[in-house]
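# Chains, contacts and geometry: an overview
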Amino acid sequence: MHVLDVAASLTTPLLPDDYLTYLNPLWSRREPRGRVDAVMPETADSATIWLTPGIGWPAHTPGQYVRVGVDVDGVRHWRTYSLTSVPGRKDKRIAITVKAIPDGVVSNHLVRHARRGMIVRLAPPAGEFVLPDAITEPMLFVTAGSGVTPVLGMLRALAAAGPLPDIAHVHLAPSRDEVIAGKDLRHLEQRHPAYRLHEHHDDRRGLFDVVALDALVPDWRERPTWACGPAPLLDALSDRFDAEGVADHLNIERFRPVVAADGAAGAGGLVRFTASGREVEADGATPCSPSARTPASSCPAAAVWASVTPVSAPCAAAASAICAPASRSTATPMTRRTSARASPPQPAPSTSPSSAKGPAR
Amino acid sequence: MSTDTSASPLAHLTPEDIEEIGRELDAIRDEVMADLGEEDAAYIRKVIAAQRGLEIAGRGALLVSLFPPAWLAGTTMLSVAKILENMELGHNIMHGQWDWMRDPEIHSTTWEWDNVSSSDGWKHSHNFQHHTFTNVLGKDRDLGYTLLRIDPEQPWHPLHLFQPVTNTVLALFFEWGVAFYDLEIDEARAGKRPWSNVASDVKRLAKKATKQLSKDYLLWPALSGPSFLPAFLGNVTANAARNVWTHGVIFCGHFPDGVQTFDYTEDQLEAETRGDWYLRQLVGSANIDGSRAMHIMTGNLSYQIEHHLFPDLPSNRYAEVAPRVKEICERYDLPYVSGSLPKQYAQVVRKVVRMSFPGGGGAPPAPTARGRPPTRPPPWRRGRRAVACGSWRTPPR
Ligand SMILES: Cc1cc2nc3c(=O)[nH]c(=O)nc-3n(C[C@H](O)[C@H](O)[C@H](O)COP(=O)(O)OP(=O)(O)OC[C@H]3O[C@@H](n4cnc5c(N)ncnc54)[C@H](O)[C@@H]3O)c2cc1C
Ligand code: FES
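Naming follows an unreviewed UniProt entry, where chain B appears as Acyl-CoA desaturase of Svornostia abyssi.

In the nomenclature of an unreviewed UniProt entry, chain A is known as Ferredoxin reductase of Svornostia abyssi. The UniProt entry for chain A carries the following text under Cofactor (unreviewed entry): "FAD".

## Examining the overall build of chain A
The secondary structure content of chain A amounts to ten helices and 13 strands. Here chain A holds 361 residues, and 47% of them are scored as buried. For chain A, the proportion of contacts with a sequence separation of at least 24, taken over those separated by at least 6, is 70%.

## A short note on the sheet that holds strand β8 (residues 167-173) of chain A
Residue and element names in this part refer to chain A. Here we have five strands laid out as an open sheet, ordered β9-β8-β7-β10-β11, and parallel in their pairing. The open sheet has two free edges, formed respectively by β9 (195-201) and β11 (250-253), since each of these has just one partner strand. Mean inter-strand twist for the sheet, computed between neighbouring axes without regard to direction, equals 15°. Judged from the seven bridges that link them, β8 and β9 form a sheet pairing that is parallel. Following the sheet pairing, H171 is matched in β9 by E199. Relative to the sheet, helix α4 (residues 149-161) contacts β7 (139-144), β10 (225-228) and β11, its axis offset from that of β10 by approximately 135°.

## What about the UniProt feature "domain: FAD-binding FR-type" (unreviewed entry) in chain A?
The UniProt record marks residues 29-132 of chain A with the feature "domain: FAD-binding FR-type" (unreviewed entry), using the residue numbering of this structure. Taken end to end, residues 29-132 of chain A is 9% helix and 43% strand, and its first and last C-alpha atoms sit 31 Å apart.

## Quick notes on the domain arrangement of chain A
All names here are of chain A. As assigned here, chain A comprises domain 1 (21-122) and domain 2 (139-253). Measuring from the centre of the C-alpha atoms in domain 1 to the corresponding centre in domain 2 gives 25 Å. Taken together, the contact pairs 13 residues of domain 1 with 14 residues of domain 2. Taken together, the elements giving at least two residues each to the side of domain 1 that touches domain 2 come down to β1 (33-43) and β5 (94-99). Taken together, the residues of the side of domain 1 that touches domain 2 sort by class into four nonpolar, seven polar and two charged.

## Some details on helix α5 (residues 163-172) of chain B
Residues and elements named next belong to chain B. Considered for burial, the residues of α5 that qualify are Q163, N167 and L170. Viewed along the axis of α5, the buried residues span an arc of 60°, placing them on a single side of the element. In this structure, the buried side of α5 is in contact with α6 (174-182), α9 (228-254) and α15 (341-354).

How each quantity is defined
Residues numbered from 1 in each chain as written. Chains lettered and ligands numbered in written order. Predicted model: local features only at pLDDT ≥ 70, side-chain atom pairs only at ≥ 80, totals over all residues. UniProt positions renumbered as here; feature names shortened; annotations may be inferred. Helix = DSSP H or I, 4+ residues; strand = E, 2+ residues; numbered from the N terminus. Buried ≥ 20, exposed ≤ 12 C-beta atoms within 10 Å, placed from the backbone. Contact = placed C-beta atoms within 7 Å. Pairing = 2+ DSSP bridges. Axes fitted to C-alpha atoms, helices over the stretch in contact; angles between N-to-C directions. Domains from an automatic or database assignment. Nonpolar A, V, L, I, M, F, W, Y, C, P; charged D, E, K, R; others polar. Arc of directions from axis to C-beta.

Right, here's the structure in full:
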């Protein structure tokens, strides 16, 4: 570190970083980067992307996510992806599994245009959607579509450490072909007798009804549960767990935030930083905190770099993990067509994302 | 300026014309903004890479600058690097021209330039005051940087007799001129700014300047060992070259013949419409003709007119916008001041010399149709968006 301090007085006002990244982008400490090493197709519209993170990237806990900054058509977008690789690999690589959603800016770019050698920005791993340190009870995983990703990370890590514990896994997908990492899951089931995979394919059996849990996993009420998938599924699950009085068993990870729907789009509103309790009035195109100059990498809410308006639906996909909008909040997605300005944020760190441990009671 | 409206180059415009010009210019801006993308991002990153490469190479050569060719090559590369850094990079990035990329490493809020003045102070005085009050006497403190008499309407003082010398010194030490000007001591004297602000700005300047000076004149020369003295002189030369060049470019942007100044009151400024504002920018600036390399070296401030119309438009796009602006000027019979560097520079020098003596009046008057309510608020009234996002300090009321 000393050497870099001395070097900084030779490079001022720039940092040695600003030169070193030309030698190796992964050396940046100010704006940690990751290099795409491989892109492995999973289904027709999803792919697993293997990345080598820059120096100093801390190991993650299975179930956590990473924020990824990707330049699409010259504009940096930050999105959140669950880590699907086993932590602490010898080759230091990490993997995310991305499903391209219709018109999705970043997901399509990653699935269809990511190439070996491509450089992205990486924030350190974060998230509370993780397993307990010691697993003592039978568990239930309920996942749908790309919501399988955090659970995939958990399963792989557990399997790498030994035989899987008693896990019932209900996974929903539109069809058998569209099951992300379907082969892996089925393979795990064959090798680990305590792991039971219940696949539900909409094309054959219609939409899943949470009532079906009773038949698939009769003892579900006794099982601590981890669920990730579209909002309607998660809402239905919450209601069911509530009704049965076992709400505290349910751990939820939302890929999309619950966005307040009142007010006209673009009208702006009140943004509340959950950790600090600070509230900011913002119009539809104003950054949460114009006066802040926190570099994105040190800012826990760097999602604002992805989208200056905090509570828009697309932004919030990334931001939801960090900032929870106050109820009045609505704002238009920031696109460079409507505003050319972005400013870095100054929200207080919030380490408890929307992956709340079930509905707070 | 004077009240003789017949001499104004804008006198023939009807209010409808003015608003139509505003709309046309808005349309040009919107079109280019919507078209920004990967190629633009690649451009600025290429310039940054080139600048850093030149700087490293230049400083590397100066390490062995006892060898005269190394001194020459090193000093040249370092001069070019410093000019690129201040003009095409620093000035434009701090304007927010590249903020649309949302890259914190190339962003108006984080960029710190290779200059003794801190980017914060500069962003306020330049982005806010100069770009908002372009060529408004008494408001645009850029007008002669409060040191010189550039306009016949500025009162003459015997000290102005020395201004050809003052101006030469200013050119050589331009970065210091800018730094002191950012302190706004004149504003504090006039009671418009608390002295405590000045004091904290002085501290900031001292801190930044110490780092800059020790890098250029101590650390790098020291690393050069036996080449200490030539390396030191190489840095002196590079900084001076950059100073003279930026001074020249900036003065050529606003002070050649045919460029208008305005004698507005606060009320008149507030009554300015979008079209009025555009026109003030248009006739208050002058372009420099030249090659692509020359444009890049001026930070595309050779497209001063386009830069003043669209301060936050990425500089690499001014070249394509210029013919369209010029076409509007021709259609509405408006001046579009442009000329080669030597020609413009000669006019500036002549003006500096002429204005060192009393008189010299006769410039055309302000163009606006006054008292009409703005159809669209002028940029500085539209909040953070147009006040160029660098204005951290609130504008003086
Ligand atoms: C904690 C967390 C973990 C996540 N993990 C993963 C993961 O492992 N794999 C993965 O593929 N995605 C994951 N996501 C979602 C991901 O961050 C992006 O939201 C998603 O890739 C869409 O981004 P985009 O740029 O392609 O879409 P955008 O261009 O932002 O949006 C395009 C359209 O899709 C809608 N939309 C936005 N996000 C979603 C969404 N999540 N689901 C459905 N519609 C949406 C928008 O409203 C808009 O209409 C996660 C999100 C969170 C918050
Ligand atoms: S996006 Fe602004 S704080 Fe989350």
